[in-house]
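Commentary on secondary and tertiary structure
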Amino acid sequence: MPKIPTFTSEVRPTAQAASVVSNIQIPLNETVAGALKPLGKAAEDYYVKEKEIETKVQAGELTADATVEVFNAASEAELKNTPQEGIDFFNQKFDSIQNKYKLKAPNKNAGDLFNITFSSNKSVYVNNILKKTRDNLVTTRVNQVDQRVRSKIAAAVASGSKFEFDILAESVEEDYQGLVNDGIIGAKDLKLYKEKLPNLVETAQVRKIAINNAAEAFLILSSPENFTTIQGEERRKLISEFGTLAKQQADLLSSSLDVSIIDKSNNFMKKYGDNQKFGFSTEELEEFKIGNEEFDNQIISLNEKIVNKEFSFDTNFNTNTDVISKIASGEIKNTSTKFLLAGETEPKSILERAGNKTINNKDFKFLSDVIVRNNNDTFKKQDQQFLNYFEGLVPLLQGNTFLNYFDKEYNAKASELRQTLHARYIKGLFEGLQANDLLSYTSENYIAKDIKNYLPKTSDLGSIIVDMAAENNSTIDGPPRIEGENAEEYLKRIETINIDDASSSLDVDKNVQQVGFVGDLFLGKDRFLIANWNKHYQTDNSKVNSIKARERLSRDYTVPNEAMSAIENAATNFAGDGGFSKEYLIDALTKIGQIETQYETKIQRGNNPEIENFYARSYWQIEVDTAKDLLENSAPIFGNNFESTFSKYAKDGKTARESLLNLDDKDLVNLLEKDDTLAANIAASLIVTRFNTEKAWS
């Protein structure tokens with residue numbers, strides 16, 4: 001008979017970690033149900049325990065979350081003024097929090113367990129709230145009494161009334177007795193409070209002094225004989241406090257005085273500029289005084305200058321620049337601060353310098369604004385950035401030494417530009433733009449887009465020289481003017497005067513030192529080249545052009561490499577023609593390029609758009625009509641050297657000269673602009689065919 005096998009089963013009926021091994025053998029006299037009954041009972045008991053654990057876990061999670069909120073509620077309750085307010089506030093919050101989280105319970109068992117656990121901690125919170133709020137109540141009560149006492153002391157000290165002091169002690173004792181009655185302090189504490197009263201009074205007295213004059217309070221406490229109830233660390237702290245306060249008060253007083261001086265002096269200058277042509281009356285002048293003797297005297301002196309018609313509206317850009325530097329260094333605090341400039345022995349203020357041909361009314365307002373801004377660190381840094389930027393513009397604004405020296409409008413233009421750009425700069429900053437953005441020439445917000453309107457123009461030179469000649473002869477030590485001779489006639493005569501005659505009437509070294517290139521007007525440096533250029537190249541032959549040419553040659557200048565190469569080629573090609581040497585042609589072409597364009601452009605400037613494409617081109621400003629006239633009527637000089645150089649332009653069996661002559665005007669204009677060598681050769685051909693050789697070599 002075959003053997004029936006026995007089965008061993010490993011199962012996990014629950015989440016227990018260990019395995020349950022079962023080797024069930026059912027007796028033959030029992031049913032299967034009867035045999036499995038004990039096993040079912042065990043599983044049922046475990047399920048009950050599992051549910052109990054689950055309920056505790058769920059209730060614990062709710063309690064943890066609710067505890068955070070109830071802790072915050074308890075903290076708020078502890079800040080209430082009275083215990084009752086604190087408890088009422090907490091109970092309301094506690095109930096609200098408890099209901100909120102009970103509703104979150106997944107079942108009734110978890111909710112009930114949460115209620116029990118959460119409520120069990122309430123008493124701890126309530127006790128803490130009572131303790132804290134009672135402490136708060138006592139502290140508040142004590143502070144109220146202390147504040148009342150200090151107020152009574154301050155009132156008595158402020159009044160200086162003997163009656164107030166007589167009733168002070170009795171009144172203060174009543175306040176302290178109230179703390180005894182409330183059970184907050186005892187008799188021993190009351191005695192200490194009474195003994196402290198004299199110290200509180202003396203402290204109030206010295207603080208009253210310090211409010212008006214901290215330096216005086218500092219000196220009083222520095223002597224141990226004064227305010228003897230203030231001792232030790234308390235006295236040391238008060239002395240330190242009053243020392244700091246004294247400096248603050250001094251700075252504030254000085255700053256307040258500075259502001260008052262600037263405001264009053266600005267108001268004076270504004271009203272003078274707007275309404276007053278002849279100064280102010282004695283009565284009107286009182287409006288501008290501030291009670292400071294130094295300032296008031298300066299205002300009076302300035303008014304006298306105006307009344308006596310001695311106020312000049314001239315300006316000096318360089319003087320203003322030096323004043324700005326002293327403002328930036330902190331040396332000048334207001335418009336009445338005296339200071340020395342280079343070469344001076346007597347210090348003067350901005351007010352005293354106003355109207356003395358260095359600082360006019362506009363300069364005064366600008367310098368005042370700079371002073372005010374200098375007192376603010378942010379504004380001071382902004383202005384320093386602007387002034388550094390503007391310093392870089394000065395060489396452009398000056399043009400050359402001649403213009404800086406003789407142009408009477410230079411100072412006014414320079415000062416106006418600085419003030420205008422500074423106003424734009426401040427406006428831009430106020431609108432939220434960055435300083436670098438305002439000072440960058442590539443920016444849309446660049447403050448100096450119209451700077452060309454302020455730069456000196458060489459075309460101004462003619463009028464400058466005429467004005468110089470129109471004045472008395474001390475301006476330029478030269479030939480004296482003939483009686484009845486006007487400026488134009490004088491200038492024309494000295495342009496054509498025999499150089500030897502002129503030299504005999506001049507102190508040569510003195511003139512060269514005093515007036516730079518103007519001395520050459522008499523001595524003749526480059527005079528023959530300029531005469532040839534003016535008559536045969538420029539063809540205008542005017543006095544102004546002659547002066548313009550001489551001024552441009554007086555500058556330091558650099559010839560571009562491409563121009564130097566072109567000049568060398570042209571001088572080689574035309575050397576010997578017309579009796580002009582290669583050396584002369586190099587010198588003449590170099591100087592004519594500087595006279596015509598200063599080697600800064602190759603395009604003639606003009607105001608007629610209809611012919612703008614036919615304006616002169618190249619560094620030597622060759623006009624298309626001039627070029628074609630030379631190519632056509634001076635054919636013999638365009639020899640082999642020229643043809644070899646420009647063979648690339650020879651077309652259709654024609655020579656280079658013929659091919660260039662046959663170009664459309666517009667094409668030839670463009671070629672003269674692009675080909676420096678061609679332009680220099682055309683310029684050289686003009687020199688050798690039209691210049692006067694006698695004048696060239698005399």
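Residues numbered from 1 in each chain as written. Predicted model: local features only at pLDDT ≥ 70, side-chain atom pairs only at ≥ 80, totals over all residues. Heavy atoms only, no water.

**Some words on the pattern of salt bridges**
Pairing between side chains of opposite charge can happen when their charged atoms approach one another. Inspection of every chain in the model, using the stated rule, returns 19 salt bridges. A salt bridge links lysine 338 to glutamate 352; its shortest N-O distance comes to 2.7 Å. With lysine 338 in the loop between helix 11 (317-328) and helix 12 (350-353) and glutamate 352 in helix 12, the pair connects residues that are 14 residues apart, well separated along the chain. Residue lysine 338 is classed as partly exposed on the basis of its relative accessible area, which comes to 36%. A salt bridge links aspartate 369 to lysine 365, with the shortest nitrogen-to-oxygen separation between them at 2.7 Å. In this pair, aspartate 369 and lysine 365 are both assigned in helix 13 (residues 361-374), 4 residues apart and thus about one turn of the helix distant. For aspartate 369, a relative accessible area of 28% gives the class partly exposed. A residue is classified by how much of its surface remains accessible, and lysine 365, at 43% relative accessible area, is partly exposed. Taken together, the shared-partner salt bridges in this structure form one network comprising Glu294, Lys338 and Glu352. (Salt bridge = Lys/Arg side-chain N within 4 Å of Asp/Glu carboxyl O. Helix = DSSP H or I, 4+ residues; strand = E, 2+ residues; numbered from the N terminus. Buried < 20%, exposed > 50% of the residue type's maximum accessible area, 1.4 Å probe, protein only.)

**Brief notes about the confidence of the model for the protein chain**
Of the residues in the protein chain, 75% reach a pLDDT of 70 or more, and the chain-wide mean stands at 77. Under a pLDDT of 50 for its full length, residues 468-479 has, in the predicted model, 29 contacts with residues more than four places off or in other chains. A low-confidence stretch, residues 607-611 (pLDDT under 50), is modelled with 2 contacts involving residues beyond four sequence positions or located in other chains. (pLDDT = per-residue confidence, 0-100. Contact = heavy atoms within 4.5 Å.)

**Some points on the nonpolar core**
In terms of nonpolar packing, the biggest core is built from 50 residues, with Tyr537, Trp620, Leu678, Ile682 and Phe691 touching the most fellow members. Going through the elements one at a time, helix 23 (527-537), helix 24 (543-554), helix 25 (561-574), helix 26 (582-597), helix 27 (624-633), helix 29 (656-661), helix 30 (665-674) and helix 31 (676-690) are the ones with two or more residues in this core. The residues contacting leucine 678, other than those within four sequence positions of it, are Phe642, Phe646, Tyr649, Leu660, Leu671 and Leu672. Phe268, Phe317, Phe366 and Ile451 belong to the second largest nonpolar core, which has 48 residues in total. (Core = buried A, V, L, I, M, F, W, Y, C linked by side-chain atoms within 4.5 Å.)

**A word on the side chain of lysine 326**
You can see lysine 326 is positioned in helix 11. In this structure the side chain of lysine 326 is engaged in a polar contact, spanning 3.2 Å, whose partner is the backbone oxygen of leucine 340. In contact with lysine 326, other than residues within four places in its own chain, are Glu331, Ile332, Phe339, Leu340 and Leu341. (Polar contact = N/O pair within 3.5 Å; in protein donor to acceptor, adjacent residues only side chain to side chain.)

**Comments concerning the packing of aromatic side chains**
Evaluation of the coordinates by the stated rule reveals 18 aromatic pairs. Ring geometry for phenylalanine 386 and tyrosine 389: centres 6.2 Å apart, planes at 50°, overall tilted. Of the two residues, phenylalanine 386 and tyrosine 389 are both situated in helix 14 (residues 377-398); the distance of 3 residues between them amounts to about one turn of the helix. (Phe/Tyr/Trp six-rings, centres within 6.5 Å; stacked < 30°, edge-to-face > 60°.)

**Some words on helix 25**
For helix 25, spanning 14 residues, the distance from its first C-alpha to its last is 20 Å, which sits close to the expected 20 Å at 1.5 Å a residue. Within helix 25, the full set of buried residues consists of Ala563, Ala566, Ile567, Ala570, Ala571, Asn573 and Phe574. The buried residues of helix 25 occupy an angular sector of 160° when the element is viewed end-on, so they sit on one face. Summarising the contacts, the buried residues of helix 25 are in contact with helix 26, helix 28 (640-645) and helix 31. Remark: glycine 576 follows helix 25 within two positions and exhibits a positive phi of approximately 90°. (Expected span 1.5 Å × (residues − 1). Arc of directions from axis to C-beta.)

**Considerations on unusual backbone geometry**
In the Ramachandran plot, serine 618 falls in the positive-phi region, its phi being about 85° despite a non-glycine side chain. As for its position among the elements, serine 618 is in the loop between helix 26 and helix 27. Here the phi dihedral of aspartate 652 falls at roughly 55°; this positive angle occurs in a residue that is not glycine. Inspection of the secondary structure assignment puts aspartate 652 in the loop between helix 28 and helix 29.

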